[in-house]
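Close look at the chain arrangement
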Amino acid sequence: MCFSPFHQMCHWGPLTALGIIKIVTAMTIHCASMWWPPQNSIGGLLNTASFMTLSGLTLFHFLSSLIHGPGHLPPKWKPDDDDVKYLQFCKVCDGYKAPRSHHCRKCEKCVLKMDHHCPWINNCVGWGNHAHFTAFLAFAVAGCAQASIILSCSLYRGLNRVWYLYYGSGEEPIVYLNIYTLVLAVFALGLAVGVVLAVGMLLFFQIRAIVRNRTGIEDWILEKANHRLQHSRETFVFPYDLGVSDNIKQVLNMTCEPVGDGVVWTVAEGCDQYTLTREQIEQKNEKRQRTRLYRITNPVSGSWFPIMQGFGVCLHPPCTDEPRIRLRPGDEVNVTRWRKYWLFGDKVNGSSEENATKTRGWFPRRCAIEIIDANEETNQHNIGQKKHN
(Lines give C-alpha, C1' and ligand atoms only; values in the text may rest on other atoms or scores of the structure.)
Protein backbone atom coordinates (compact mmCIF):
# COMPACT_ATOMS: atom_id res chain seq x y z
CA MET A 1 0.00 0.00 0.00
CA CYS A 2 1.36 3.43 -0.96
CA PHE A 3 1.35 6.42 1.35
CA SER A 4 1.71 10.13 0.61
CA PRO A 5 3.77 11.65 -0.96
CA PHE A 6 4.48 8.48 -2.96
CA HIS A 7 0.88 7.40 -3.57
CA GLN A 8 0.92 9.18 -6.96
CA MET A 9 3.72 6.86 -8.10
CA CYS A 10 1.77 3.67 -7.39
CA HIS A 11 0.28 3.60 -10.86
CA TRP A 12 1.28 1.99 -14.15
CA GLY A 13 2.06 5.38 -15.76
CA PRO A 14 4.77 6.72 -13.40
CA LEU A 15 6.24 3.24 -12.89
CA THR A 16 6.52 2.75 -16.66
CA ALA A 17 8.07 6.20 -17.12
CA LEU A 18 10.61 5.52 -14.37
CA GLY A 19 11.42 2.17 -15.94
CA ILE A 20 12.07 3.80 -19.33
CA ILE A 21 14.30 6.46 -17.76
CA LYS A 22 16.33 3.87 -15.85
CA ILE A 23 16.74 1.40 -18.75
CA VAL A 24 17.80 4.08 -21.24
CA THR A 25 20.16 5.71 -18.72
CA ALA A 26 21.80 2.46 -17.59
CA MET A 27 22.41 1.09 -21.09
CA THR A 28 23.61 4.44 -22.45
CA ILE A 29 26.16 4.83 -19.65
CA HIS A 30 27.28 1.21 -20.09
CA CYS A 31 27.77 1.61 -23.84
CA ALA A 32 29.31 5.09 -23.59
CA SER A 33 31.96 3.76 -21.19
CA MET A 34 33.21 1.48 -24.00
CA TRP A 35 32.46 3.56 -27.10
CA TRP A 36 33.85 6.84 -25.77
CA PRO A 37 35.47 6.14 -22.38
CA PRO A 38 35.26 9.22 -20.13
CA GLN A 39 38.62 8.40 -18.51
CA ASN A 40 40.50 8.53 -21.81
CA SER A 41 39.58 11.98 -23.14
CA ILE A 42 37.91 15.24 -22.27
CA GLY A 43 35.38 14.64 -25.05
CA GLY A 44 34.37 11.33 -23.52
CA LEU A 45 34.07 12.94 -20.09
CA LEU A 46 31.91 15.77 -21.43
CA ASN A 47 29.75 13.30 -23.35
CA THR A 48 29.05 11.22 -20.25
CA ALA A 49 28.63 14.25 -17.97
CA SER A 50 26.19 15.96 -20.33
CA PHE A 51 24.08 12.83 -20.67
CA MET A 52 24.02 12.26 -16.91
CA THR A 53 22.96 15.88 -16.45
CA LEU A 54 20.08 15.50 -18.91
CA SER A 55 19.02 12.23 -17.31
CA GLY A 56 19.13 13.74 -13.82
CA LEU A 57 17.13 16.81 -14.85
CA THR A 58 14.57 14.60 -16.58
CA LEU A 59 14.07 12.60 -13.39
CA PHE A 60 13.95 15.73 -11.22
CA HIS A 61 11.30 17.51 -13.28
CA PHE A 62 9.33 14.30 -13.70
CA LEU A 63 9.10 13.84 -9.93
CA SER A 64 8.45 17.56 -9.42
CA SER A 65 5.52 17.62 -11.85
CA LEU A 66 4.14 14.46 -10.25
CA ILE A 67 4.49 15.48 -6.60
CA HIS A 68 3.76 19.23 -6.82
CA GLY A 69 0.65 18.70 -8.89
CA PRO A 70 -1.35 21.35 -10.77
CA GLY A 71 -3.03 22.94 -7.76
CA HIS A 72 -6.68 22.39 -6.86
CA LEU A 73 -9.60 24.46 -5.69
CA PRO A 74 -10.73 23.52 -2.18
CA PRO A 75 -14.16 21.84 -1.91
CA LYS A 76 -17.09 24.26 -1.71
CA TRP A 77 -14.90 27.09 -3.05
CA LYS A 78 -16.66 30.38 -3.64
CA PRO A 79 -15.21 33.77 -4.67
CA ASP A 80 -15.19 36.62 -2.19
CA ASP A 81 -17.20 38.94 -4.41
CA ASP A 82 -20.71 38.55 -5.79
CA ASP A 83 -19.61 37.52 -9.27
CA VAL A 84 -20.74 33.90 -8.87
CA LYS A 85 -23.26 34.46 -11.67
CA TYR A 86 -20.33 34.48 -14.09
CA LEU A 87 -18.94 31.17 -12.82
CA GLN A 88 -19.93 27.57 -13.38
CA PHE A 89 -20.91 25.40 -10.44
CA CYS A 90 -19.32 21.98 -9.85
CA LYS A 91 -21.80 19.55 -8.32
CA VAL A 92 -19.09 17.02 -7.44
CA CYS A 93 -16.94 19.50 -5.47
CA ASP A 94 -20.04 21.46 -4.33
CA GLY A 95 -18.33 24.72 -5.22
CA TYR A 96 -17.74 27.20 -8.03
CA LYS A 97 -15.07 26.82 -10.70
CA ALA A 98 -12.54 29.64 -10.81
CA PRO A 99 -11.65 31.10 -14.23
CA ARG A 100 -9.59 28.59 -16.27
CA SER A 101 -10.41 25.81 -13.77
CA HIS A 102 -12.03 22.53 -14.78
CA HIS A 103 -13.11 19.41 -12.95
CA CYS A 104 -11.02 16.30 -13.58
CA ARG A 105 -13.06 13.13 -13.24
CA LYS A 106 -9.91 11.07 -12.62
CA CYS A 107 -8.46 13.32 -9.89
CA GLU A 108 -12.02 14.03 -8.65
CA LYS A 109 -11.05 17.66 -8.02
CA CYS A 110 -11.33 21.03 -9.74
CA VAL A 111 -7.91 21.73 -11.24
CA LEU A 112 -6.43 25.23 -11.61
CA LYS A 113 -5.76 26.10 -15.28
CA MET A 114 -6.22 22.49 -16.29
CA ASP A 115 -4.53 21.45 -19.53
CA HIS A 116 -5.00 17.68 -19.48
CA HIS A 117 -4.71 14.62 -17.26
CA CYS A 118 -1.41 12.87 -17.97
CA PRO A 119 -1.29 9.14 -17.12
CA TRP A 120 2.53 9.14 -17.16
CA ILE A 121 2.65 11.34 -14.07
CA ASN A 122 -0.71 10.07 -12.76
CA ASN A 123 -1.75 13.67 -12.28
CA CYS A 124 -3.14 16.65 -14.12
CA VAL A 125 -1.00 19.24 -15.87
CA GLY A 126 -2.04 22.72 -14.85
CA TRP A 127 -1.09 25.95 -13.13
CA GLY A 128 1.16 24.43 -10.45
CA ASN A 129 3.26 22.03 -12.50
CA HIS A 130 3.06 23.25 -16.11
CA ALA A 131 6.66 24.54 -16.10
CA HIS A 132 8.04 21.35 -14.48
CA PHE A 133 6.10 19.19 -16.94
CA THR A 134 7.38 21.14 -19.96
CA ALA A 135 10.95 20.96 -18.63
CA PHE A 136 10.52 17.20 -18.10
CA LEU A 137 9.49 16.78 -21.73
CA ALA A 138 12.32 18.97 -23.03
CA PHE A 139 15.08 17.21 -21.06
CA ALA A 140 13.62 13.78 -21.87
CA VAL A 141 13.72 14.51 -25.61
CA ALA A 142 17.23 15.98 -25.45
CA GLY A 143 18.54 13.12 -23.30
CA CYS A 144 17.00 10.41 -25.48
CA ALA A 145 18.30 12.09 -28.64
CA GLN A 146 21.82 11.88 -27.23
CA ALA A 147 21.19 8.33 -26.02
CA SER A 148 20.04 7.32 -29.52
CA ILE A 149 23.36 8.51 -30.98
CA ILE A 150 25.46 6.78 -28.31
CA LEU A 151 23.53 3.50 -28.53
CA SER A 152 23.52 3.49 -32.35
CA CYS A 153 27.27 4.05 -32.56
CA SER A 154 27.93 1.50 -29.82
CA LEU A 155 25.81 -1.14 -31.56
CA TYR A 156 27.63 -0.51 -34.83
CA ARG A 157 31.01 -0.88 -33.14
CA GLY A 158 29.87 -3.91 -31.18
CA LEU A 159 28.42 -5.75 -34.16
CA ASN A 160 31.58 -5.03 -36.20
CA ARG A 161 34.00 -5.74 -33.36
CA VAL A 162 35.82 -8.51 -35.27
CA TRP A 163 36.47 -6.25 -38.24
CA TYR A 164 37.99 -3.58 -36.00
CA LEU A 165 40.17 -6.20 -34.30
CA TYR A 166 41.64 -7.38 -37.61
CA TYR A 167 41.60 -4.27 -39.78
CA GLY A 168 41.42 -1.39 -37.35
CA SER A 169 44.28 0.85 -36.33
CA GLY A 170 44.24 -0.56 -32.82
CA GLU A 171 43.42 2.80 -31.33
CA GLU A 172 39.64 2.45 -31.65
CA PRO A 173 37.86 1.53 -28.43
CA ILE A 174 36.38 -1.96 -28.65
CA VAL A 175 32.72 -2.40 -27.69
CA TYR A 176 31.96 -5.85 -26.22
CA LEU A 177 28.31 -6.91 -26.33
CA ASN A 178 27.15 -10.34 -25.21
CA ILE A 179 23.69 -11.65 -26.04
CA TYR A 180 22.10 -9.99 -22.98
CA THR A 181 23.66 -6.56 -23.39
CA LEU A 182 22.95 -6.69 -27.14
CA VAL A 183 19.24 -7.29 -26.56
CA LEU A 184 19.11 -4.60 -23.85
CA ALA A 185 20.97 -2.10 -26.04
CA VAL A 186 18.56 -2.66 -28.96
CA PHE A 187 15.61 -2.40 -26.58
CA ALA A 188 16.96 0.81 -25.02
CA LEU A 189 17.57 2.27 -28.50
CA GLY A 190 13.96 1.54 -29.44
CA LEU A 191 12.73 3.24 -26.27
CA ALA A 192 14.97 6.27 -26.84
CA VAL A 193 13.84 6.75 -30.45
CA GLY A 194 10.21 6.29 -29.38
CA VAL A 195 10.58 8.97 -26.70
CA VAL A 196 12.14 11.40 -29.18
CA LEU A 197 9.25 10.97 -31.60
CA ALA A 198 6.26 10.67 -29.25
CA VAL A 199 7.37 12.98 -26.44
CA GLY A 200 8.85 15.40 -28.97
CA MET A 201 5.39 15.79 -30.51
CA LEU A 202 3.87 16.37 -27.06
CA LEU A 203 6.60 18.91 -26.33
CA PHE A 204 5.69 20.79 -29.51
CA PHE A 205 2.05 21.04 -28.41
CA GLN A 206 3.06 22.21 -24.93
CA ILE A 207 5.37 24.91 -26.31
CA ARG A 208 2.60 26.05 -28.63
CA ALA A 209 0.20 26.19 -25.68
CA ILE A 210 2.66 28.29 -23.66
CA VAL A 211 3.34 30.70 -26.53
CA ARG A 212 -0.42 31.19 -26.99
CA ASN A 213 -1.13 31.08 -23.23
CA ARG A 214 -3.93 28.69 -24.08
CA THR A 215 -4.50 25.20 -22.72
CA GLY A 216 -5.84 22.31 -24.74
CA ILE A 217 -9.26 22.73 -23.15
CA GLU A 218 -9.24 26.46 -23.95
CA ASP A 219 -8.36 25.67 -27.57
CA TRP A 220 -11.61 23.72 -27.75
CA ILE A 221 -13.57 26.52 -26.04
CA LEU A 222 -12.14 29.10 -28.47
CA GLU A 223 -12.96 26.90 -31.47
CA LYS A 224 -16.57 26.57 -30.29
CA ALA A 225 -16.76 30.33 -29.62
CA ASN A 226 -15.64 31.15 -33.16
CA HIS A 227 -18.11 28.64 -34.56
CA ARG A 228 -20.93 30.04 -32.42
CA LEU A 229 -20.30 33.62 -33.57
CA GLN A 230 -19.38 32.93 -37.19
CA HIS A 231 -22.72 34.21 -38.52
CA SER A 232 -22.77 37.33 -36.34
CA ARG A 233 -20.78 40.54 -36.33
CA GLU A 234 -19.31 39.75 -32.93
CA THR A 235 -15.83 38.32 -32.48
CA PHE A 236 -14.55 36.57 -29.40
CA VAL A 237 -11.24 37.86 -28.01
CA PHE A 238 -9.29 35.30 -26.00
CA PRO A 239 -8.60 37.18 -22.74
CA TYR A 240 -5.29 35.57 -21.74
CA ASP A 241 -3.26 36.21 -24.91
CA LEU A 242 -0.82 38.91 -23.73
CA GLY A 243 1.71 38.58 -26.54
CA VAL A 244 4.41 35.93 -27.00
CA SER A 245 6.88 37.32 -24.45
CA ASP A 246 4.36 37.87 -21.66
CA ASN A 247 2.65 34.58 -22.43
CA ILE A 248 5.91 32.70 -21.91
CA LYS A 249 6.56 34.55 -18.65
CA GLN A 250 3.19 33.35 -17.38
CA VAL A 251 4.58 29.79 -17.27
CA LEU A 252 8.34 29.53 -17.69
CA ASN A 253 11.01 30.88 -15.35
CA MET A 254 14.35 29.71 -13.94
CA THR A 255 12.78 28.13 -10.84
CA CYS A 256 9.71 26.63 -12.59
CA GLU A 257 7.58 28.08 -9.80
CA PRO A 258 3.98 28.92 -10.78
CA VAL A 259 3.12 32.58 -11.32
CA GLY A 260 0.26 34.14 -9.34
CA ASP A 261 -2.35 32.22 -7.37
CA GLY A 262 -4.03 30.30 -10.18
CA VAL A 263 -7.34 32.11 -9.65
CA VAL A 264 -6.78 35.74 -10.69
CA TRP A 265 -5.12 36.23 -14.08
CA THR A 266 -3.68 39.09 -16.09
CA VAL A 267 -6.01 39.68 -19.04
CA ALA A 268 -5.77 41.47 -22.37
CA GLU A 269 -7.10 44.97 -22.88
CA GLY A 270 -10.85 45.09 -23.23
CA CYS A 271 -11.36 41.83 -21.31
CA ASP A 272 -12.03 41.00 -17.68
CA GLN A 273 -11.62 38.04 -15.35
CA TYR A 274 -14.89 36.47 -16.49
CA THR A 275 -14.71 36.92 -20.27
CA LEU A 276 -13.96 33.24 -20.84
CA THR A 277 -16.37 31.93 -18.21
CA ARG A 278 -19.25 33.94 -19.68
CA GLU A 279 -18.53 32.39 -23.05
CA GLN A 280 -18.50 28.93 -21.46
CA ILE A 281 -21.91 29.58 -19.90
CA GLU A 282 -23.31 30.69 -23.28
CA GLN A 283 -21.96 27.52 -24.88
CA LYS A 284 -23.51 25.40 -22.14
CA ASN A 285 -26.88 27.10 -22.66
CA GLU A 286 -26.73 26.41 -26.40
CA LYS A 287 -25.78 22.80 -25.69
CA ARG A 288 -28.86 22.39 -23.49
CA GLN A 289 -31.03 23.76 -26.30
CA ARG A 290 -29.78 21.20 -28.81
CA THR A 291 -29.96 18.28 -26.36
CA ARG A 292 -32.07 15.36 -27.55
CA LEU A 293 -33.54 12.59 -25.39
CA TYR A 294 -32.80 8.99 -26.39
CA ARG A 295 -34.11 5.70 -24.95
CA ILE A 296 -31.91 2.62 -24.84
CA THR A 297 -33.35 -0.36 -26.72
CA ASN A 298 -30.45 -2.84 -26.51
CA PRO A 299 -28.02 -3.52 -23.63
CA VAL A 300 -24.82 -1.45 -23.75
CA SER A 301 -21.76 -3.12 -22.24
CA GLY A 302 -19.62 0.00 -21.84
CA SER A 303 -16.83 -1.63 -23.84
CA TRP A 304 -14.47 0.47 -25.93
CA PHE A 305 -14.77 -2.05 -28.77
CA PRO A 306 -18.26 -3.62 -28.58
CA ILE A 307 -17.83 -6.39 -31.14
CA MET A 308 -21.44 -7.50 -30.81
CA GLN A 309 -22.60 -4.12 -32.15
CA GLY A 310 -20.93 -4.63 -35.52
CA PHE A 311 -17.66 -3.83 -37.24
CA GLY A 312 -18.74 -0.28 -38.11
CA VAL A 313 -19.00 0.60 -34.43
CA CYS A 314 -15.67 -1.02 -33.57
CA LEU A 315 -13.79 0.49 -36.50
CA HIS A 316 -15.06 4.05 -35.92
CA PRO A 317 -14.54 4.76 -32.20
CA PRO A 318 -14.58 8.37 -30.94
CA CYS A 319 -11.01 9.73 -30.85
CA THR A 320 -11.16 10.71 -27.19
CA ASP A 321 -10.35 9.26 -23.77
CA GLU A 322 -13.85 10.04 -22.50
CA PRO A 323 -15.55 7.01 -20.91
CA ARG A 324 -17.90 4.51 -22.50
CA ILE A 325 -20.95 3.95 -20.31
CA ARG A 326 -22.94 0.84 -19.44
CA LEU A 327 -26.68 1.12 -20.07
CA ARG A 328 -29.76 -1.12 -19.85
CA PRO A 329 -32.87 -1.22 -22.02
CA GLY A 330 -35.29 1.46 -20.88
CA ASP A 331 -32.59 3.88 -19.68
CA GLU A 332 -32.85 7.41 -20.99
CA VAL A 333 -29.92 9.57 -22.04
CA ASN A 334 -29.70 13.29 -22.82
CA VAL A 335 -27.51 13.28 -25.94
CA THR A 336 -25.39 16.34 -26.73
CA ARG A 337 -22.93 14.98 -29.33
CA TRP A 338 -23.51 12.85 -32.39
CA ARG A 339 -21.27 10.65 -34.52
CA LYS A 340 -22.23 8.27 -37.29
CA TYR A 341 -21.83 5.23 -35.06
CA TRP A 342 -21.68 6.72 -31.54
CA LEU A 343 -23.61 9.09 -29.27
CA PHE A 344 -22.44 11.04 -26.23
CA GLY A 345 -24.66 12.13 -23.38
CA ASP A 346 -25.72 12.06 -19.72
CA LYS A 347 -27.79 9.25 -18.33
CA VAL A 348 -31.09 10.49 -16.85
CA ASN A 349 -31.06 9.29 -13.25
CA GLY A 350 -34.07 9.01 -11.03
CA SER A 351 -32.84 10.10 -7.61
CA SER A 352 -31.26 13.40 -6.60
CA GLU A 353 -28.29 11.57 -5.09
CA GLU A 354 -27.54 9.91 -8.43
CA ASN A 355 -27.89 13.22 -10.25
CA ALA A 356 -25.05 14.66 -8.13
CA THR A 357 -22.67 12.26 -9.90
CA LYS A 358 -23.59 12.10 -13.56
CA THR A 359 -23.11 9.00 -15.67
CA ARG A 360 -21.69 10.53 -18.80
CA GLY A 361 -20.00 9.03 -21.81
CA TRP A 362 -20.22 7.43 -25.26
CA PHE A 363 -22.39 4.52 -26.35
CA PRO A 364 -23.23 2.88 -29.72
CA ARG A 365 -25.86 4.74 -31.69
CA ARG A 366 -27.63 1.59 -32.86
CA CYS A 367 -28.57 0.76 -29.25
CA ALA A 368 -30.89 3.76 -28.83
CA ILE A 369 -33.79 5.58 -30.45
CA GLU A 370 -34.65 9.26 -30.18
CA ILE A 371 -37.73 10.14 -28.15
CA ILE A 372 -39.75 12.66 -30.12
CA ASP A 373 -42.03 15.09 -28.31
CA ALA A 374 -45.72 14.10 -28.55
CA ASN A 375 -46.74 17.39 -30.18
CA GLU A 376 -43.89 17.20 -32.66
CA GLU A 377 -44.73 13.57 -33.44
CA THR A 378 -48.40 14.50 -34.06
CA ASN A 379 -47.37 17.32 -36.40
CA GLN A 380 -45.10 14.99 -38.36
CA HIS A 381 -47.93 12.42 -38.61
CA ASN A 382 -50.35 15.07 -39.94
CA ILE A 383 -47.81 16.24 -42.49
CA GLY A 384 -47.39 12.65 -43.63
CA GLN A 385 -51.15 12.20 -44.03
CA LYS A 386 -51.43 15.40 -46.08
CA LYS A 387 -48.69 14.18 -48.43
CA HIS A 388 -50.39 10.79 -48.72
CA ASN A 389 -53.76 12.43 -49.58
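About the criteria used
Residues numbered from 1 in each chain as written. Predicted model: local features only at pLDDT ≥ 70, side-chain atom pairs only at ≥ 80, totals over all residues. Heavy atoms only, no water. Helix = DSSP H or I, 4+ residues; strand = E, 2+ residues; numbered from the N terminus. Rg over C-alpha atoms; globule rule 2.2 N^0.38 Å. Buried < 20%, exposed > 50% of the residue type's maximum accessible area, 1.4 Å probe, protein only. Contact = heavy atoms within 4.5 Å. Areas by Shrake-Rupley, 256 points an atom, 1.4 Å probe, with all protein chains shown as cover. Lys, Arg positive; Asp, Glu negative; His and termini not counted. Charge placed at Lys NZ, Arg CZ, Asp CG, Glu CD. Disulfide = S-S within 2.5 Å. Pairing = 2+ DSSP bridges. pLDDT = per-residue confidence, 0-100.

What to know about the overall build of the chain
- When helices and strands are tallied, the chain shows 11 helices and 11 strands.
- Here the C-alpha radius of gyration of the chain, 27 Å, is well above what a compact globule of 389 residues would show, namely 21 Å.
- Seen through its C-alpha atoms, the chain measures out along the principal axes to roughly 100 × 55 × 50 Å.
- By the burial criterion, 40% of the 389 residues in the chain qualify as buried.
- If you take every contact in the chain between residues at least 6 apart in sequence, the share linking residues at least 24 apart comes to 65%.
- A total of about 22,400 Å² of accessible surface is found on the chain, and carbon and sulfur atoms cover 59% of it.
- Positive and negative side-chain charges of the chain, numbering 40 and 33 respectively, have mean locations separated by a distance of 7 Å.

Some thoughts on the state of the cysteines
- If you walk through the whole model with that rule in mind, you get 0 disulfides.
- Free of any disulfide, Cys-144 has its nearest neighbouring cysteine sulfur in Cys-31, separated by 14 Å.
- On the accessibility criterion, Cys-144 (9% relative accessible area) is buried.

Re the side chain of His-132
- Here His-132 is to be found in helix H3 (residues 130–159).
- When its relative accessible area of 4% is taken as the criterion, His-132 is described as buried.
- Contact partners of His-132, with chain neighbours within four places excluded, come to Phe-60, His-61, Ser-64, Ser-65, His-68, Thr-255 and Cys-256.

Considerations on the pairing of strand S7 (residues 292–296)
- By the bridge criterion, 4 bridges tie S7 to strand S8 (residues 332–338) in an arrangement that is antiparallel. Within S8, the residue paired with Arg-295 across the bridge is Glu-332.
- Sheet topology note: the S7/strand S11 (residues 368–370) ladder contains 3 bridges and is antiparallel. Looking at the pairing, Arg-295 lines up with Ile-369 of S11.

Describing the confidence of the model for the chain
- Confidence along the chain averages 90 in pLDDT terms, with 92% of residues attaining 70 or more.
- Considering only residues more than four positions removed or in separate chains, one finds that residues 352–356, a stretch of pLDDT under 50, has 5 contacts.
- Overall, residues 376–389 carries pLDDT values under 50, and its contacts beyond four positions in sequence, including any with other chains, amount to 2 contacts.

Considerations on the environment of Ala-135
- Here Ala-135 is to be found in helix H3.
- Taking the relative accessible area as the measure of exposure, Ala-135 reaches 13% and is therefore buried.
- Note: C-alpha distance between Ala-135 and Ile-325 (190 residues apart in sequence) is 36 Å.
- Leave out the neighbours within four places in its chain, and Ala-135 touches His-61 and Cys-256.

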